[in-house]
Amino acid sequence: MSSSTQDKTAVVYARVSTAKQAEEQLPVDGQIEQCEGKAHALGARVVRVFRDDGISGAAESRPAFEAALDFACSQDVDYFICWSSSRFGRDRLRAAASKRELTRAGVQLVYVSMDVDTETTGGWLLDSMLEVFDEMQSRQVSTDTRRSMERNARMGYFTGGNVPFGYRSVQATDDPKRRRLEPEPREAPLVQKIFELGVDMGAVAIAERLNADGDRYRHGRKWRKAGVMGVLHSYA
């Protein structure tokens, strides 16, 4: 750890899960600005800024977070600063493990939105409660999102992701903010052909037959086994 206040250093980490969250809550640039202000108040110099855009705090991998953690623990940094406990993470077990890693390296975790002194019993308890609350909120959002997607699908709306071969995504006439799938005139006949060939052929043979007949996948690409399997699985 640095011995002089003037020599103290900090790492800043910021994150948002979605573009909508960036609009409704504090966007990444705003988080960074607030974190840099906190570092200044602590008398520390920000040596690196890390950001994850469009990644959930409960995601298996957050490249910038992992890089920030590694940098802070290996470069004799004094502070790891982020906007809030939820920005640090929404998986309580991984969050706790990451905090232990920082503690062992002598790095102090600092939240801008609230003061939590984890070196005290009360601060440790509050931080532990925040971990549980953050994961609970993440689980609730996932549940609500899944329920909403299932409802939209039952109503015939396209819920996102890759458009299956044979269809195209179009604006819903009853709701301009939603989209529906409709048959793509050029692709739909090929889907029927693939299933007809699939009665007697494997995926590789079907791809070879389509290419020999001059049939092409999207954007003029030749058919491959993976593309044929994708069509068969999409309609299974």
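A few points on the structure. (Residues numbered from 1 in each chain as written. Predicted model: local features only at pLDDT ≥ 70, side-chain atom pairs only at ≥ 80, totals over all residues. Heavy atoms only, no water.)

## Section: the pattern of salt bridges
- Across all of its chains, the model carries 13 salt bridges by this definition.
- Salt-bridge contacts for R51 lead to D53; the nearest nitrogen and oxygen are separated by 3.0 Å.
- We classify R51 as partly exposed; its relative accessible area is 36%.
- Owing to a relative accessible area of 44%, D53 belongs among the partly exposed residues under this scheme.
- Its salt-bridge partner being R218, residue E187 comes within 2.8 Å of it at the nearest N-O pair. Of this pair, E187 sits in the loop between β6 (175–183) and α7 (188–197) while R218 sits in the loop between α8 (203–212) and α9 (225–234), placing them 31 residues apart in sequence.
- On the accessibility criterion, E187 (5% relative accessible area) is buried.
- Where salt bridges share partners, they join K193, R209, D213 and D215 into one cluster. (Salt bridge = Lys/Arg side-chain N within 4 Å of Asp/Glu carboxyl O. Buried < 20%, exposed > 50% of the residue type's maximum accessible area, 1.4 Å probe, protein only. Helix = DSSP H or I, 4+ residues; strand = E, 2+ residues; numbered from the N terminus.)

## Brief notes about α8
- Every buried residue belonging to α8 is among A203, I206, A207 and L210, and all of these are buried. All buried residues of α8 fall inside an arc of 100° around its axis, so they share one side. α8 presents E208 and A212 as exposed residues on the side facing more than 90 degrees away from its buried surface.
- Turning to α8, the residues buried within the fold contact α7 and α9. (Arc of directions from axis to C-beta. Contact = heavy atoms within 4.5 Å.)

## Digging into the sheet that holds strand β4 (residues 108–111)
- One open sheet holds the 4 strands; their spatial order is β2-β1-β3-β4, and the pairing between them is parallel. Because the sheet does not close on itself, it has two edges, and the strands there are β2 (45–53) and β4. Neighbour-to-neighbour, the strand axes of the sheet open up by a mean angle of 20°, direction not taken into account.
- Pairing of strand β1 (residues 9–16) with β2, which is carried by 8 bridges, proceeds in the parallel orientation. Along β2, the bridge assignment pairs V12 with V49.
- Contacting β1, β2, β3 (79–82) and β4, helix α2 (residues 28–41) runs over the sheet at an angle of about 160° to β1.
- Relative to β2, helix α3 (residues 63–74) is tilted by about 155°, and along the sheet it contacts β1, β2 and β3. (Pairing = 2+ DSSP bridges. Axes fitted to C-alpha atoms, helices over the stretch in contact; angles between N-to-C directions.)

## Quick look at the side chain of D127
- Within the secondary structure layout, D127 lies in helix α6 (residues 121–154).
- Here D127 falls in the buried class, since its relative accessible area comes to 5%.
- Here Y111 takes part through its side chain, which lies 2.9 Å from a polar atom of the side chain of D127.
- If we ignore the near neighbours within four places in the chain, the residues touching D127 are K99, Y111, V116 and T118. (Polar contact = N/O pair within 3.5 Å; in protein donor to acceptor, adjacent residues only side chain to side chain.)

## A short note on the pairing of strand β5 (residues 167–172)
- Bridge analysis of β5 against β6 gives 6 bridges, and the strand direction is antiparallel. Among the inter-strand pairings, Y167 is bridged to a residue of β6, identified as P183.
- Where β5 folds back on β6, the antiparallel hairpin that results is connected by 2 residues.

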